[in-house]
Amino acid sequence: MQANLVLLKSDGSHKAFELPSTVTVVGRRHDCDLRIPLPMVSRRHFQLSQNGETLKIRDLESKTGTFVNDRRVNGDTAVKAGDYIRVGPVMFVCQIDGQPTEIKPPQKKAPPKPKAPPAQASKPADPLEDSFADLDASDSFIGLDEDDADLEDLKDL
């Protein structure tokens, strides 16, 4: 099995990183197999393990979590070709044996239907919660800009 993490950039382009061994550690530290030098990425953020024809991901107790298709990873989780892996502001597509052949950002979810306002609010609105109400992780963070100096460090496999 040949597995790649394909970095999605905000300009729509992408860059593939081949997993260098059967166990690949991704994080901020210099000794990680794939380095993401951003403060919201933990020193050792997540691990990908290949076993025959299976690829599994495990969050390494990161502070901000690891997400596969917008679901937080808990324990060993199977990853399939075409799955989206998000860590901090960085989004990857998992490519296995050349699949998927077309790499594209995740589709945006349809906006939720508006709810009828409550007759009487039981507690005051939380302004911090309201400021994040319209954010959708899949459209907020697609990847690093190509001009971003931190992107250069991702090439150090």
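For the structure itself, consult the block above.
Residues numbered from 1 in each chain as written. Predicted model: local features only at pLDDT ≥ 70, side-chain atom pairs only at ≥ 80, totals over all residues. Heavy atoms only, no water.

Undergrad: For this particular structure, what's the right way to read the pairing of strand E10 (residues 84–87)?
TA: Regular strands place their side chains on alternate faces of the sheet. Here E10 shows no split at all, with Tyr84 and Arg86 on one side and Ile85 and Val87 on the other all buried. Here strand E7 (residues 66–68) pairs with E10 via three bridges, running antiparallel. Among the inter-strand pairings, Phe67 is bridged to a residue of E10, identified as Arg86. (Buried < 20%, exposed > 50% of the residue type's maximum accessible area, 1.4 Å probe, protein only. Helix = DSSP H or I, 4+ residues; strand = E, 2+ residues; numbered from the N terminus. Pairing = 2+ DSSP bridges.)

Undergrad: Could you clarify how one ought to interpret the sheet that holds E10 in this entry?
TA: Across a sheet, strands are paired by hydrogen bonds formed along the backbone, either parallel or antiparallel in direction. Pairing within the open sheet is antiparallel, and its six strands lie in the order E2-E1-E11-E10-E7-E8. Only two strands of the sheet have a single neighbouring strand rather than two, namely strand E2 (14–18) and strand E8 (71–72).

Undergrad: I tried to follow the pairing of E2 on my own but got confused; where do I start?
TA: Relative to E2, strand E1 (residues 3–8) runs antiparallel, the two being bridged by five bridges. Residue pairing across strands places Leu8 opposite His14, the latter belonging to E2. Connecting the antiparallel pair E1 and E2 is a turn made up of five residues, with Gly12 showing a positive phi of about 95°.

Undergrad: Can you help me understand the packing of aromatic side chains in this one?
TA: The way to describe two aromatic rings as a pair is by their centre distance and the angle between their planes. One pass over the structure, following the stated rule, counts zero aromatic pairs. Above the ring of Phe17, the side-chain terminus of Lys15 is found at 5.4 Å from the ring centroid. Between the NZ or CZ atom of Arg86 and the centre of the ring of Phe67, over which it lies, the distance is 4.3 Å. (Phe/Tyr/Trp six-rings, centres within 6.5 Å; stacked < 30°, edge-to-face > 60°. Lys NZ or Arg CZ within 6 Å of the ring centre and 35° of its normal.)

Undergrad: Before we go on, may I ask you to explain the sheet that holds strand E3 (residues 23–27) in this structure?
TA: Ordered in space as E4-E3-E5-E6-E9, the five strands form an open sheet in which the pairing is mixed. On the outer flanks of this sheet lie strand E4 (34–35) and strand E9 (77–78), each paired with one strand and no other. Here strand E6 (residues 54–59) pairs with E9 via two bridges, running antiparallel. Note that in E9 the partner of Lys56 across the bridge is Ala78.

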